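Listed below are the residues making up each chain.
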Amino acid sequence: MFRLAHLSDPHIPPDIPPSYRELVSKRILGWTNWRRNRHRVHQRHVLDALTGDMARHEPDHIAVTGDLTIVSTPAEWQASRQWLQSIGRPADVSLVPGNHDAYTRRAVPGVTLAWHDYMAGDPDTSAHGGFPYLRRRGPLAIVGCSSAVVSAPFMATGRVGHEQIGRLSPLLKRLGEEGLFRTVLIHHPPLRTPGDRYRRLTDARAFLKLLADAGAELVLHGHEHTATLRWTPGPDAEIPVVGVPSASALAHGGRPAAAYNLYEISGDPGKWNCLMRTRGFDGGELHELQDNVLFEAGKVIGETVSPR
């Protein structure tokens, strides 16, 4: 059995605040919002408790789907790098960036440099560099996609882009032929939700068409700061598309407190078993919240069961 942990949107504050020079950009809006409101929601002690619980469950690999930063300053890149190192080696943690990590044009190369080895494919799979990247871990093929693009003020949209989609299609088909459990990481959810115009994945239709044609076993995302389990068509069966709450959040405004998912994957190609265990905070206590059987002997189940 292979155990994959998934968490997202930790929004790690830096040790020092941004300089005035760094705030002469879109960053001033985000940092003002952080100081006025969001710093009360995202708490480092919550994040540390969650990752401590995750470590005790000894996952074989960890997936992090973006928004490590608040306004993506150099101090935040370093703080996030230190946090990544605290949860695992680059070989054991797969990361994709989020819209907060691409807050300005200068942030994109800075993040890429600071977190490169957490966003790099295996040596024999990264001929083109960048995204999508591929990592083979046990029965899994972990495919990291970037939807992080610089957006206008008050916007939090994402885009995968023609180049990534063009590389993803043959890659996912080939990995399917190899019999691997294809797990796609992306920050923005590919499925629309009401009122998401200013934070949506703008080329979601093309991305979903790709999945319907090429297939995958699991799509993991963040961005929405809530727990979701939805399904999208694949060539042979429905594909689960799963989001998690922010890994550092207190319950607020109808959104849940911090949680992560732990996937237990076993079986053989075409006969996969996949149990999704959700662990997080409820009533101030951290414990198992829910179990969902996604696949059993290759059949889509999608059934919620009582936590063990």
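Up top you'll find the structure we're talking about.
A few points on the structure.

Our next topic: the nonpolar core. Grouped together as the largest cluster of nonpolar side chains are 49 residues, with contacts concentrated most on Val 64, Trp 83, Trp 115 and Tyr 263. Ranked by residues supplied to this core, first place goes to helix 3 (residues 74-87) with 5 residues. With residues up to four places along the chain from it excluded, the contact list for Trp 115 reads Leu 68, Thr 69, Trp 77, Ser 80, Arg 81, Leu 84, Leu 95 and Asp 101. Grouped together as the second largest cluster of nonpolar side chains are 25 residues, Ala 141, Val 143, Leu 180 and Leu 191 included.

Looking now at empty space enclosed by the protein. Overall, the coordinates contain 1 cavity of 30 Å³ or more when judged by the stated rule. Approximately 40 Å³ is the volume found for the largest cavity. Surrounding the largest cavity, Pro 189, Leu 191, Thr 193, Asp 196, Arg 199, Arg 200, Leu 201, His 223 and Glu 224 form its lining. Of the residues in the lining of the largest cavity, the class split is 3 nonpolar, 2 polar and 4 charged.

Counted according to the given criterion, the structure contains 15 salt bridges. Between Arg 89 and Asp 92 there is a salt bridge, with its nearest N and O atoms 2.8 Å apart. The exposure class assigned to Arg 89 is exposed, which follows from its relative accessible area of 54%. With a closest N to O distance of 3.0 Å, Glu 264 and Arg 277 form a salt bridge. With Glu 264 in strand 10 (residues 259-268) and Arg 277 in strand 11 (residues 271-282), this pair connects stretches of sequence that are 13 residues apart. On the basis of relative accessible area, Glu 264 is assigned to the buried category, the value being 8%. For Arg 277, a relative accessible area of 10% gives the class buried. Each of Arg 3, Asp 53, Glu 264, Arg 277, Arg 279 and Glu 288 takes part in a single network of salt bridges with overlapping partners.

The next thing to look at is the sheet that holds strand 11. Strand order in the open sheet formed by 7 strands is 3-2-1-10-11-12-13, and the pairing between neighbours is mixed. On the outer flanks of this sheet lie strand 3 (93-95) and strand 13 (299-305), each paired with one strand and no other. Across the sheet, the mean angle separating the axes of adjacent strands is 20° when strand polarity is ignored. Sheet analysis places strand 11 next to strand 12 (residues 285-296), joined by 9 bridges and oriented antiparallel. Its bridge partner being in strand 12, Arg 279 is matched across the sheet by Glu 288.

Rules behind the numbers
Residues numbered from 1 in each chain as written. Predicted model: local features only at pLDDT ≥ 70, side-chain atom pairs only at ≥ 80, totals over all residues. Heavy atoms only, no water. Core = buried A, V, L, I, M, F, W, Y, C linked by side-chain atoms within 4.5 Å. Buried < 20%, exposed > 50% of the residue type's maximum accessible area, 1.4 Å probe, protein only. Helix = DSSP H or I, 4+ residues; strand = E, 2+ residues; numbered from the N terminus. Contact = heavy atoms within 4.5 Å. 1 Å grid on protein atoms, 1.4 Å probe; cavity = no way out; pocket = protein on both sides within 12 Å on 5 of 7 lines; lining within 4 Å. Points joined across faces, edges and corners; volume = space filled by probe spheres on them. Nonpolar A, V, L, I, M, F, W, Y, C, P; charged D, E, K, R; others polar. Salt bridge = Lys/Arg side-chain N within 4 Å of Asp/Glu carboxyl O. Pairing = 2+ DSSP bridges. Axes fitted to C-alpha atoms, helices over the stretch in contact; angles between N-to-C directions.

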